[in-house]
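# Breakdown of the fold
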Amino acid sequence: MEDAYIIHGGKPLIGEVRLSGAKNSALKVIIASLLFDTPVTIQNVPHIGDINDLLTLINSLGGKARFTAQNQVMVDGSSIKKDTIAFLYASKIRVSFMLFAPLLYRLGKGNIPNPGGCRIGSRPIDRHIECMRALNIHVSYSESDGYYRASLEKTRIQGGTLRFKKSSHTGTEFALMLSCCAEGETVIENICLEPEIDDLVLFLTQAGAHIQKKDKTLIVQGVKKLSTDSPYYISPDRNEAVTFALFAVATKGSLIVHDINAINIQTFIDVLKKAGGGVEHESSALRFYYNRQLSATDVTTGVHPRFMTDWQAPWAVLMTQAEGDSTLHETVFENRFSYVEELRKLGAHIDYFSPLVHNPNDIYQFNISKNGAQKHQAIRIHGKTLLHNGVLQVSDLRAGASMLLAASIAEGESIIRGASVIDRGYESIDKKLQSVGALIKKV
Ligand code: EPU
């Protein structure tokens, strides 16, 4: 296999698509299942690279985790024996670090190397380490082998109070997993509010966890065990919903997206309408369509409920089709514009610029380096541009989605190398796009 997608662009996409389960919910629900006394059945799990890598990793520790039907996964953590995750597996997925929660719960110790995942900045894990220390877990890092080592002093994790100086999505979920089976109460302050976290809270609560959410605080009363005898159903993927919405409007087509939870993408819907994109409710689905000539619209990313960082790469493609100059200011990750160089290869006119920010520490979610300087946290897209075909290289998941989108608008045949990076997070994207008229194939 060439690990590439070939797309013949320039065709409006018209039809209906169904969303898969959310990658960023399924990964965490699978990891949290390892805390359970019972085997857990999870439904609507997307069949994607990241999930396959996580299941392999769990099996490498002695746990049981596998697809038992099309989108159904069974997880049983009771047989976990090994306390060390091999570099080979940890380097593939960033969530490998969250396995500290079940390893500490089951074995009282764990060794996990620095995590991998999409290259979208340095992506440190200091906030996760702080979580562990706030709960009296002993953690050390060995530079010689790149491993974090964690252990408990008592038989159970001890509840405590922790406050994120800057919030973290997976950090919040990690703190939840550590605290739900801890001894006593844990208070987690300044949490993220992403809907995927609500999914995890619901899953744990249904299994006996005691979790209360008050604004940006979680109060968790630790329980001795979690168990379930009914399957858990993963919510639809809001990032996939946004991706299809952008395919509809940017290709001048019309897509009805089923299984969508509009409230979770309301900010996106508002911005899309402002730019001139069409959105209407069709019973339990939403239809996204090309309505009129798009107008340049400025966007700043942020944590939920603001415009999500995962949406900005495909949004930039849409803005190449808008009349005028639009800006995109990324505030969550410090390096999420890897697609810009690739879009330029198709003729997009995009410049970097540094917005004037008086209080970077408050504005940016990433850690500000000592000299405080942030370079190129924004781009300016000059529209409208006729895109042409080209050969592109995918570096991260959402950048990959933006390249598929750009190639679908561009005249002629484009090659997108790195299909497997896209397949890490999008289930059967080629088949879903083919079903609405796209000329795409994997080679
Ligand atoms: N950060 C630190 N230290 C930490 C943790 C985070 O400096 O210990 C920084 C990050 O580097 C980033 C910012 O804080 O600049 C916010 O990161 P956060 O921890 O909130 O992000 P994440 O948990 O690593 C998750 C999703 C991302 C999504 C973000 C924002 C998963 C597996 N990943 O990442 O999804 O973009 O939250 O909602 O849930 C994707 O699906 O393609 C993806 C990257």
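Every value quoted in this text rests on a predicted model; they were computed, and no experiment measured them. (Residues numbered from 1 in each chain as written. Predicted model: local features only at pLDDT ≥ 70, side-chain atom pairs only at ≥ 80, totals over all residues. Heavy atoms only, no water.)

## Some thoughts on the overall build of the protein
- From N to C terminus, the protein includes 15 helices and 23 strands.
- The C-alpha radius of gyration of the protein comes to 22 Å, within 12% of the 22 Å expected for a compact globule of 443 residues.
- By principal-axis analysis of the C-alpha atoms, the protein measures approximately 65 × 50 × 40 Å.
- Counted over contacts in the protein with a minimum sequence separation of 6, partners at least 24 positions apart contribute 74%.
- A total accessible area of about 17500 Å² is found for the protein, and carbon and sulfur atoms account for 49% of it. (Helix = DSSP H or I, 4+ residues; strand = E, 2+ residues; numbered from the N terminus. Rg over C-alpha atoms; globule rule 2.2 N^0.38 Å. Contact = heavy atoms within 4.5 Å. Areas by Shrake-Rupley, 256 points an atom, 1.4 Å probe, with all protein chains shown as cover.)

## Side note on the side chain of D423
- Looking at the secondary structure, you find D423 in helix 14 (residues 419-423).
- A distance of 2.8 Å separates the side chain of D423 from the side chain of K442, its partner in a polar contact.
- For D423, the residues in contact, after removing those within four places along its chain, are Y5, I48, G49, I429 and K442. (Polar contact = N/O pair within 3.5 Å; in protein donor to acceptor, adjacent residues only side chain to side chain.)

## Remarks on the domain arrangement of the protein
- Here the protein is partitioned into domain 1 (4-20 + 236-442) and domain 2 (23-233).
- Across the domain 1 to domain 2 interface the summed buried area is about 2200 Å²; carbon plus sulfur atoms make up 44%.
- Two residues, R238 and E196, come together in a salt bridge whose shortest N-O distance is 2.7 Å.
- At the surface where domain 1 touches domain 2, the tally comes to 14 residue pairs in polar contact (both at pLDDT 80 or more).
- Broken down by secondary-structure element, the contributors of at least two residues to the side of domain 1 that touches domain 2 are helix 8 (238-250) and helix 13 (397-409). (Domains from an automatic or database assignment. Buried area = accessible area lost by both parts, 1.4 Å probe. Salt bridge = Lys/Arg side-chain N within 4 Å of Asp/Glu carboxyl O.)

## A look at the site of the ligand
- By nearness alone, 27 residues border the ligand, and R127, S168, T170, D310 and V332 come closest of all.
- At 3.1 Å from a nitrogen atom of the ligand is found a main-chain nitrogen or oxygen belonging to P124.
- One nitrogen or oxygen atom from the side chain of D126 is found 2.7 Å from a nitrogen atom belonging to the ligand.
- For the ligand, the protein covers 97% of the area, taking 840 Å² as the surface of the free molecule.
- Elements that contribute at least two residues to the shell around the ligand include exactly helix 1 (23-33), helix 5 (126-134), helix 6 (169-180) and helix 13.
- Its residues assigned to classes, the shell around the ligand comprises 9 nonpolar, 8 polar and 10 charged.
- Built from parts of two domains, the shell around the ligand gets at least three residues from each of domain 1 (4-20 + 236-442) and domain 2 (23-233). (Near = heavy atom within 4 Å. Nonpolar A, V, L, I, M, F, W, Y, C, P; charged D, E, K, R; others polar.)

## Concerning unusual backbone geometry
- With an omega dihedral of 10°, the bond running from H304 to P305 counts as a cis peptide bond.
- In the segment running from G383 into K384, the intervening peptide bond is cis, with an omega of 0°.
- Structurally, K384 can be placed in the loop between strand 20 (378-383) and strand 21 (391-393).
- Notably, K252 is not glycine yet its phi reads approximately 60°, a positive angle.
- Along the polypeptide, K252 turns up in the loop between helix 8 and strand 14 (254-258).

## Considerations on the nonpolar core
- Counting 76 residues, the largest nonpolar core has I30, M132, I137, L178, L204 and L226 as the members making the most contacts within it.
- With residues near it in sequence (within four places) discarded, L178 still touches A101, L104, C131, M132, L135, I137 and I157. (Core = buried A, V, L, I, M, F, W, Y, C linked by side-chain atoms within 4.5 Å. Buried < 20%, exposed > 50% of the residue type's maximum accessible area, 1.4 Å probe, protein only.)

## Observations concerning the sheet that holds strand 3 (residues 40-43)
- Pairing within the open sheet is mixed, and its 4 strands lie in the order 4-5-3-13. Since the sheet does not close on itself, it has two edges, and those belong to strand 4 (64-69) and strand 13 (232-233), each with one partner.
- Direction of pairing for strand 4 relative to strand 5 (residues 72-76): antiparallel, over a ladder of 5 bridges. The residue bridging A65 from the neighbouring strand is V75, located in strand 5.
- Across the sheet, helix 1 touches strand 3, strand 5 and strand 13, and the angle it forms with strand 3 is around 170°. (Pairing = 2+ DSSP bridges. Axes fitted to C-alpha atoms, helices over the stretch in contact; angles between N-to-C directions.)

## Focus on the sheet that holds strand 8 (residues 147-151)
- Strands sit in the order 6-8-7 across an open sheet of 3 strands; the sheet is antiparallel. The open sheet is flanked by strand 6 (109-113) and strand 7 (138-142), the only strands paired with a single partner. Within this sheet the neighbouring strands show an average axis-to-axis angle of 15°, counted without direction.
- Direction of pairing for strand 7 relative to strand 8: antiparallel, over a ladder of 5 bridges. Along strand 8, the bridge assignment pairs S142 with Y147.

## Here we look at helix 6
- The end-to-end C-alpha distance of helix 6, which contains 12 residues, comes to 17 Å, matching closely the 16 Å that a straight helix rising 1.5 Å per residue would cover.
- Within helix 6, 12 of the 12 residues are buried, which leaves it mostly tucked inside the rest of the structure. (Expected span 1.5 Å × (residues − 1).)

## Here's the deal with the environment of R417
- You can see R417 is positioned in strand 22 (residues 412-417).
- Given a relative accessible area of 32%, R417 falls into the partly exposed group.
- C-alpha of R417 to C-alpha of K441: the two residues are 24 residues apart in sequence and 12 Å apart in space.
- Ignoring anything within four residues of it in the chain, the contact list for R417 reads E2, D3, A4, V391, L392, Q393 and V394.

## Brief notes about the environment of N239
- Residue placement: N239 occurs in helix 8.
- For N239, a relative accessible area of 3% translates into the label buried.
- Along the sequence, N239 and D259 sit 20 residues apart, while their C-alpha atoms lie 13 Å from each other.
- Excluding its chain neighbours within four sequence positions, the residues that come into contact with N239 are N24, M308, D310, W311, R398 and Y426.
- Of the polar contacts made by the side chain of N239, one reaches the side chain of D310; its length is 3.2 Å.

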